[in-house]
Amino acid sequence: MLTMKNVTKVFRTEMVETHALRELTLEVKSGEFVAVTGPSGSGKTTFLNIAGLLDDFTGGEYRLDGVEVRQLGDRARSKLRNEKIGFVFQSFNLIPDLNLFDNVDVPLRYRGFTRGERRQRIERALERVGLASRIRHFPAELSGGQQQRVAIARAIAGDPKLLLADEPTGNLDSQMAREVMQLLEELNAGGTVVVIVTHDPEIAARAQRNVHIVDGVASHLDRGPALVSPALRTA
Amino acid sequence: MDFLPILSTLRRHRTAATLVVLEIALTCAIVSNAVFLIRERLARMDTPSGVVEEELVRVRLIGIGQTADAAALTAQDLVALRAIPGVKSVASTNQVPFGNSGWNSSVSSIPDDVSGSTTASLYMGTQDLLETWGVRLIAGRDFTPEEYVDADAKDAKVSSAIVTRALAERLFPGQSPLGRTLYLGSDPETIVGVIDELARPNDRNGPESAAYSMVLPLSISYTTGGTYLIRVEPGRGGEVLAAVDATLTKVAANRIFTHLESLTEVRDSYFRKDRSMAYLLIGVSLALLIITALGIVGLASFWVQQRTRQIGIRRALGASRGDILRYFLLENFILATMGIVVGMGLAYALNHWLMDAYAVPRLPATVLPIGAVALWLLGQLAVLAPALRAARISPAIATRSV
Ligand SMILES: Nc1ncnc2c1ncn2[C@@H]1O[C@H](COP(=O)(O)OP(=O)(O)OP(=O)(O)O)[C@@H](O)[C@H]1O
Ligand SMILES: [Mg+2]
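Residues numbered from 1 in each chain as written. Chains lettered and ligands numbered in written order. Predicted model: local features only at pLDDT ≥ 70, side-chain atom pairs only at ≥ 80, totals over all residues. Heavy atoms only, no water.

### Side note on the overall build of chain A
Consideration 1: Helix and strand counts for chain A come out as eight helices and 10 strands.
Consideration 2: For a compact globule of 235 residues, the expected C-alpha radius of gyration is about 18 Å, and chain A comes in at 18 Å, within 12% of that figure.
Consideration 3: Principal axes of the C-alpha set define a box for chain A whose edges measure 55 × 40 × 35 Å.
Consideration 4: Residue burial in chain A is summarised as follows: out of 235 residues, 56% are buried.
Consideration 5: When contacts within chain A are restricted to residue pairs at least 6 apart in sequence, long-range pairs at least 24 apart make up 68% of them.
Consideration 6: Summed over all atoms, the accessible surface of chain A reaches about 10000 Å², with 48% contributed by carbon and sulfur.
Consideration 7: In chain A, which carries 31 positive and 30 negative side-chain charges, the distance between the mean positions of the two groups comes to 5 Å. (Helix = DSSP H or I, 4+ residues; strand = E, 2+ residues; numbered from the N terminus. Rg over C-alpha atoms; globule rule 2.2 N^0.38 Å. Buried < 20%, exposed > 50% of the residue type's maximum accessible area, 1.4 Å probe, protein only. Contact = heavy atoms within 4.5 Å. Areas by Shrake-Rupley, 256 points an atom, 1.4 Å probe, with all protein chains shown as cover. Lys, Arg positive; Asp, Glu negative; His and termini not counted. Charge placed at Lys NZ, Arg CZ, Asp CG, Glu CD.)

### A few points about helix α5 (residues 144-156) of chain A
Consideration 1: Taking 1.5 Å as the rise per residue, α5(A) with 13 residues should run 18 Å; its terminal C-alpha atoms sit 18 Å apart, in good agreement.
Consideration 2: In terms of residue burial, α5(A) counts as a mostly covered element, since 12 of its 13 residues are buried.
Consideration 3: Looking at the buried residues of α5(A), the elements they touch are β6 (85-88), α3 (100-111), α4 (115-128), β7 (162-166) and α6 (174-189) of chain A together with α10 (308-316) of chain B. (Expected span 1.5 Å × (residues − 1).)

### Let's talk about the pattern of salt bridges
Residues and elements named next belong to chain A.
Consideration 1: Inspection of every chain in the model, using the stated rule, returns 38 salt bridges over all chains.
Consideration 2: The salt bridge involving Glu83 is made with Lys79; its shortest N-O contact spans 3.0 Å. Of this pair, Glu83 and Lys79 both sit in helix α2 (residues 74-84), four residues apart, roughly one helical turn.
Consideration 3: According to the relative accessible area criterion, Glu83 is partly exposed, its value standing at 28%. (Salt bridge = Lys/Arg side-chain N within 4 Å of Asp/Glu carboxyl O.)

### Re a nonpolar patch on the surface
Residue and element names in this part refer to chain B.
Consideration 1: A cluster of nonpolar residues, Leu26, Ile30, Met277, Leu280, Val284, Val342 and Leu346, forms a patch on the protein surface that exposes about 540 Å² of accessible area.
Consideration 2: Broken down by secondary-structure element, the contributors of at least two residues to the nonpolar patch are α2 (14-45), α9 (272-306) and α11 (321-358).
Consideration 3: Per element, the largest residue contribution to the nonpolar patch is three residues, and it comes from α9.
Consideration 4: Topologically, Leu280 is positioned in helix α9. (Patch = residues over 30% accessible without salt bridge, like charges linked within 9 Å, V, L, I, M, F, W, Y side chains within 5 Å.)

### Considerations on the site of ligand 1
Consideration 1: The local shell around ligand 1 holds 13 residues, among which A:Ser40, A:Gly41, A:Lys44, A:Thr45 and A:Thr46 are the closest.
Consideration 2: Positioned at a junction of chains, ligand 1 has nearby residues supplied by chains A and B.
Consideration 3: Within the contact set of ligand 1, an oxygen atom lies 3.2 Å away from a backbone nitrogen or oxygen of A:Ser42.
Consideration 4: Relative to its unbound accessible area of 630 Å², ligand 1 is 63% covered by the protein chains. (Near = heavy atom within 4 Å. Polar contact = N/O pair within 3.5 Å; in protein donor to acceptor, adjacent residues only side chain to side chain.)

### Let's talk about the domain arrangement of chain B
Consideration 1: The domain boundaries assigned to chain B delineate domain 1 (3-46 + 272-400) and domain 2 (66-253).
Consideration 2: A separation of 54 Å is found between the C-alpha centroids of domain 1 of chain B and domain 2 of chain B. (Domains from an automatic or database assignment.)

### Details of the packing of aromatic side chains
Consideration 1: All told, the structure shown has 11 aromatic pairs over all chains when counted by the stated rule.
Consideration 2: Seen in terms of ring centroids, B:Phe143 and B:Tyr148 are 5.8 Å apart; in terms of plane orientation they differ by 85°. Their pairing is edge-to-face. Here the two residues B:Phe143 and B:Tyr148 agree in accessibility, since each one is buried.
Consideration 3: With a centroid separation of 4.8 Å and 80° between ring planes, the pair formed by B:Tyr270 and B:Phe271 is classed as edge-to-face. Grouping residues by exposure puts B:Tyr270 and B:Phe271 together as buried.
Consideration 4: Counting every residue linked through ring pairs, the aromatic cluster contains B:Phe98, B:Tyr270 and B:Phe271.
Consideration 5: Cation over ring: A:Arg136 sits above A:Phe101, and NZ or CZ is 4.7 Å from the ring centre.
Consideration 6: Its guanidinium or amino end placed over the ring of A:Phe138, B:Arg12 lies 3.9 Å from that ring's centre, counting from NZ or CZ. (Phe/Tyr/Trp six-rings, centres within 6.5 Å; stacked < 30°, edge-to-face > 60°. Lys NZ or Arg CZ within 6 Å of the ring centre and 35° of its normal.)

### So, the nonpolar core
Consideration 1: Core analysis: the largest hydrophobic core is formed by 74 residues, its most contacted members being A:Met4, A:Phe47, A:Tyr62, A:Leu64, A:Leu162 and A:Val195.
Consideration 2: Tallying contributions element by element places α11(B) first for this core, with 10 residues.
Consideration 3: Sequence-distant contacts of A:Val195, defined by excluding residues within four places in its chain, comprise A:Val28, A:Val34, A:Val36, A:Phe47, A:Leu48, A:Leu162, A:Leu163, A:Leu164 and A:Ala165. (Core = buried A, V, L, I, M, F, W, Y, C linked by side-chain atoms within 4.5 Å.)

### Describing the layout of surface pockets
Gaps between atoms show up when a probe of the same size as a water molecule is rolled over them.
Consideration 1: Space inside the largest pocket adds up to approximately 640 Å³.
Consideration 2: In terms of lining residues, the largest pocket is bounded by 26 residues, among which B:Glu40, B:Arg44, B:Asp203, B:Pro207 and B:Asp274 are the most central.
Consideration 3: Mapped onto the lining of the largest pocket, the elements with two or more residues apiece are α2 and α9 of chain B.
Consideration 4: At five residues, α2(B) tops the list of elements feeding residues into the lining of the largest pocket.
Consideration 5: Looking at side-chain class alone, the lining of the largest pocket contains 17 nonpolar, two polar and seven charged residues.
Consideration 6: Here the lining of the largest pocket gathers at least three residues from each of two domains, domain 1 (3-46 + 272-400) and domain 2 (66-253) of chain B.
Consideration 7: The space that makes up the second largest pocket amounts to roughly 460 Å³.
Consideration 8: Together, 24 residues line the second largest pocket, and A:Thr45, A:Thr46, A:Asp166, B:Thr399 and B:Arg400 are the ones closest to its centre. (1 Å grid on protein atoms, 1.4 Å probe; cavity = no way out; pocket = protein on both sides within 12 Å on 5 of 7 lines; lining within 4 Å. Points joined across faces, edges and corners; volume = space filled by probe spheres on them. Nonpolar A, V, L, I, M, F, W, Y, C, P; charged D, E, K, R; others polar.)

So, in structure tokens, the structure goes:
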């Protein structure tokens, strides 16, 4: 599903160069549920941004579902992101000016679905997360856990192959966090690849496989064969 | 497209949206009326005089003390003026088009008409007057030398007249005016010729009669008419005017020469008020348009900044740069359209009030589409820079923790 080979990312500002990723090599196969862990500032979000086509990278190779990403222009990239990837963010990132229906509708509009199909998908997705009755409510009228469920509904409404989540439970209490994890596990059981960045060992433990990123290098693996890193090899 | 979600977003930012819509509406109302008034003024300034203005210069002169034989002196003056190099033709006359002050008479197709008469301007002058004006005779003939009568003579009476096309049409609608009789009060005159165009010295009698002029073969001396009209070869007006004073002084002293100027200068000062009003309105309109554009830029920049995160989220969810750009252009188009709709209503209301209060004509329907397109363009141009800035916002913003 997702193959990164020696991916590097350097942030250049006038003063400093930050090597956020150093030759990161990683593969995520279809059907997997992967947790990405690591200390703060180690490059987890940077990895997720690149994996999700939210940011470009400095060197290396990245193939998403068989497509070489490097050469793609903005339109093709946006289209790929729209069709293949669903995002769940730590801070929910719902659009406050739009009600739940319109929030879930955002990616579907860019997808170009017909009005009827969009309505159907929106209703189905909100039902899936148990919020069908709040369809005309605005995000501010929901609790944090509910908002995150809306975000998940928005992420899955287009049936993406890959779900990327950056600390999806970071702003939630443990009860809500468990609910959200359960949802993600259900989706994974339905065939969606899930990659989740987390600080929470309990959550990491529920994943099939853990990737540990330290200082921009994927350096540790649990319960899985897929990690190779030149830094690790030479170490 | 994003039409409905944009509307619902605007509803939630009602105050700012309403203010910018009102700004556009007021600009629309004021500018469309201003543009209309400017067009009116410019059209007025374009009123044809019927004479070859760029070849004509005039001299006004006043004699000091009694002059025994004004007619003879006038004849001498004209001969002397004609001899100035560059002069093509000279006449003594009582007034010039757009000269501001002039002689008027009531005119009718029947004698002593009290209700149906109109006013017309009375031009008179020496024999070469039509030739000097360069007016276009479109029917009939010029006066014959025998028809000319000395205007200063006791009981001077003429029996023929030349009228403008507009006056002929007013007096004898749809008929040939040649040979017909018009009456200045009870005095009959036979129309012997029709000239295309000869503007009155002023339009104080109303715009509809501004082209009603007639010429009488009354040979007028400088003491009565006070004006010498000189037709010069193209481009030699300044040179001729410079020689006038000395030439006329040599004929006879004790005379004061004023208003030595070309007829284009006469026209310029006659329409000075219209011109400055047009400039003022243009300035006000431009200022309003600039203020509105700046208001749009300001609000759009504020919204882009305020929605930075939201834009990043949209990008993350699949919006391309083009989608973001289009979002803001469409949003502006919606606001502009609301402003234009309200503004056109206000424009007609304002026009109505101006019609009542200042007798301004009705706003023509063409103002509507032209104004709408102009404001749409203005809005799209104003919003372009903020919208491009929005399109450059990175989708990686979405994962940045708040
Ligand atoms: N836009 C940026 N410009 C400059 N440096 C950046 C930028 N984004 C990230 N970095 C740097 O790259 C490194 C990796 O950051 P990243 O956000 O990926 O860490 P993280 O593992 O997600 O941390 P956390 O667990 O705190 O979220 C950090 O040193 C960070 O300061
Ligand atoms: Mg992070």
